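In case you want the letters, here they are:
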Amino acid sequence: MAMRLSEQQREAALAQLDGWSRMVGRDAISASFRFTDFNQAFGFMSRVALMAEKLDHHPEWSNVYNRVEIVLTTHDAGGLTDKDIELARFISRIAPDGSMAAL
């Protein structure tokens, strides 16, 4: 089982993840993305889904037309772990420039 990150590890990881923020009231991080249209948003989600399967670590997310909201936490560890940071880094790498939106 993955171990939860310490406060120091959490802060260091978030400092390197532009656009991701800690959620109030949850041991999780979140980000919001806006795309040109539904097709682009769905394509992005498909790429994330393939990596999530590979990592056996799945996001909480929602999609409305061209917006995708993502929450990452490791449920069986009760909070944020390296798995979340790894998936967040992948998501940030594949997101088109300018798609991250303020929450």
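Residues numbered from 1 in each chain as written. Predicted model: local features only at pLDDT ≥ 70, side-chain atom pairs only at ≥ 80, totals over all residues. Heavy atoms only, no water.

Looking at an unreviewed UniProt entry, the protein carries the name Putative pterin-4-alpha-carbinolamine dehydratase, with the source organism given as Azoarcus taiwanensis. Its UniProt record gives the protein a comment under Sequence similarities (unreviewed entry), which states: "Belongs to the pterin-4-alpha-carbinolamine dehydratase family." Note on the protein: under the UniProt heading Catalytic activity (unreviewed entry), the record states "(4aS,6R)-4a-hydroxy-L-erythro-5,6,7,8-tetrahydrobiopterin = (6R)-L-erythro-6,7-dihydrobiopterin + H2O". (UniProt positions renumbered as here; feature names shortened; annotations may be inferred.)

## Quick look at the overall build of the protein
Helix and strand counts for the protein stand at three helices and five strands. Relative to the compact-globule value of 13 Å for 103 residues, the protein shows a C-alpha radius of gyration of 13 Å, a close match. Projected onto the principal axes, the alpha-carbon positions of the protein cover approximately 40 × 25 × 20 Å. Classification of the 103 residues of the protein by burial places 42% in the buried group. In the protein, of all internal contacts separated by at least 6 residues, the share reaching a separation of at least 24 is 65%. Of the roughly 6,000 Å² of accessible surface on the protein, 51% is carried by carbon and sulfur atoms. (Helix = DSSP H or I, 4+ residues; strand = E, 2+ residues; numbered from the N terminus. Rg over C-alpha atoms; globule rule 2.2 N^0.38 Å. Buried < 20%, exposed > 50% of the residue type's maximum accessible area, 1.4 Å probe, protein only. Contact = heavy atoms within 4.5 Å. Areas by Shrake-Rupley, 256 points an atom, 1.4 Å probe, with all protein chains shown as cover.)

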